[in-house]
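This is what each chain is made of:
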Amino acid sequence: INVNQKACELYKFKKEEFIGTFMTDVSTDAQLGKKHIRKTLKKRIQYSFETSHCNRHGDLMELEISASAINYEGKKAILSINRDITDRKKMELSLEKERRKRLSALIDGQEMERRRLARELHDGLGQLLTAANLHLRQTLKSESLQDQDSQNLHDTLGIINETISEATRISHDLAPNVLHDFGLQSALHRLVESLSKGKQRVDLSI
């Protein structure tokens with residue numbers, strides 16, 4: 001019915017061209033535009049939303065719209081205040097991409113650290129424990145050992161074997177070889193098999 005100069009500048013129309021144009025004619029989604037119009041007429045009070053419109057030249061604009069139902073010169077109409085937020089949306093998109101990039105870098109860094117810890121457990125601590133295991137086995141072969149000393153060594157050997165198994169398990173959990181070699185699907189399949197056999201306990205509490 002009527003437009004101000006600012007609207008004409010925003011949509012690149014002359015006033016006489018713009019008057020009589022339907023809002024759905026400039027909306028990128030006519031059905032969504034009609035939906036917003038119906039909601040505005042139904043609520044009557046101010047209804048705010050974000051949407052996409054095109055100007056006369058077809059350039060896409062992201063808009064923040066505040067609309068309300070009014071009576072204008074005896075006709076039911078919608079007063080629509082449209083604010084161009086295209087630059088803000090581009091900035092938000094850029095910031096979101098940057099956030100995802102940083103998050104990806106953080107996850108990659110954490111994964112590298114997990115692999116490093118897994119290698120140290122397996123190659124460093126694992127080798128030391130294995131060496132201690134072999135040393136104890138050699139000591140147990142000595143004929144000069146007393147029965148009590150022999151039993152203590154056997155108990156210590158059992159503890160070392162359990163420690164080796166636990167270190168191996170922790171190393172595998174930190175960086176499963178199947179995950180790196182065959183991908184996530186195979187790793188999950190292997191985990192399901194392990195769970196079904198009762199080999200792995202998973203805490204699902206929140």
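Residues numbered from 1 in each chain as written. Predicted model: local features only at pLDDT ≥ 70, side-chain atom pairs only at ≥ 80, totals over all residues. Heavy atoms only, no water.

Thoughts on the packing of aromatic side chains
And step 1. One pass over the full model with this rule turns up three aromatic pairs.
And step 2. Aromatic side chains tyrosine 11 and phenylalanine 18 sit 5.1 Å apart centroid to centroid with 50° between the ring planes, which places their arrangement in the tilted category. Here tyrosine 11 matches phenylalanine 18 in class, with each residue buried.
And step 3. Considering the side-chain rings of tyrosine 47 and phenylalanine 49, the 5.0 Å spacing of their centres and the 35° angle between planes classify their relative orientation as tilted.
And step 4. You can call tyrosine 47 buried: its relative accessible area is 10%.
And step 5. In this structure phenylalanine 49 comes out as buried when scored by relative accessible area, which is 13%.
And step 6. One aromatic cluster in this structure is built from Tyr11, Phe13 and Phe18. (Phe/Tyr/Trp six-rings, centres within 6.5 Å; stacked < 30°, edge-to-face > 60°. Buried < 20%, exposed > 50% of the residue type's maximum accessible area, 1.4 Å probe, protein only.)

Description of helix H6 (residues 147-174)
A turn of α-helix holds 3.6 residues, and therefore any two residues three or four places apart point the same way.
And step 1. For H6, built from 28 residues, the straight-helix expectation of 40 Å at 1.5 Å per residue is met to within 8% by its first-to-last C-alpha distance of 41 Å.
And step 2. Turning to H6, the residues buried within the fold contact helix H5 (86-140). (Helix = DSSP H or I, 4+ residues; strand = E, 2+ residues; numbered from the N terminus. Expected span 1.5 Å × (residues − 1). Contact = heavy atoms within 4.5 Å.)

Notes on a positive patch on the surface
And step 1. Judged by side-chain charge, Lys34, Lys35, Arg38, Lys39, Lys42 and Lys43 come together as a positively charged surface patch.
And step 2. Counting through the fold element by element, lysine 43 comes out in helix H4 (residues 30-43).
And step 3. Assessed through its relative accessible area of 45%, lysine 43 is described here as partly exposed. (Patch = residues over 30% accessible without salt bridge, like charges linked within 9 Å, V, L, I, M, F, W, Y side chains within 5 Å. Areas by Shrake-Rupley, 256 points an atom, 1.4 Å probe, with all protein chains shown as cover. Salt bridge = Lys/Arg side-chain N within 4 Å of Asp/Glu carboxyl O. Lys, Arg positive; Asp, Glu negative; His and termini not counted. Charge placed at Lys NZ, Arg CZ, Asp CG, Glu CD.)

Thoughts on the side chain of threonine 40
And step 1. You can see threonine 40 is positioned in helix H4.
And step 2. Judged by its relative accessible area of 1%, threonine 40 falls in the buried class.
And step 3. Residues within four places of threonine 40 in sequence aside, it is in contact with Tyr47, Ala67, Ser68, Ala69 and Ile78.

Regarding the pattern of salt bridges
Where charged atoms from two side chains of opposite charge approach closely, those side chains can pair.
And step 1. Taken as a whole and assessed by the stated rule, the structure comprises 11 salt bridges.
And step 2. For the salt bridge of arginine 88 with glutamate 64, the shortest nitrogen-to-oxygen distance reads 3.9 Å. Placement of arginine 88 in helix H5 and of glutamate 64 in strand E2 (residues 60-72) is noted, with a sequence separation of 24 residues between them.
And step 3. Arginine 88 sits in the partly exposed class, given a relative accessible area of 33%.
And step 4. The class for glutamate 64 is partly exposed, based on a relative accessible area of 24%.
And step 5. Lysine 89 is paired through a salt bridge with glutamate 92; the nearest N and O atoms lie 3.7 Å apart. On the criterion of helical spacing, the pair formed by lysine 89 and glutamate 92 is a turn pair, its members being three residues apart in helix H5.
And step 6. Each of Glu50, Glu64, Arg83, Arg88, Lys89 and Glu92 takes part in salt bridges that share partners, so that together they form one network.

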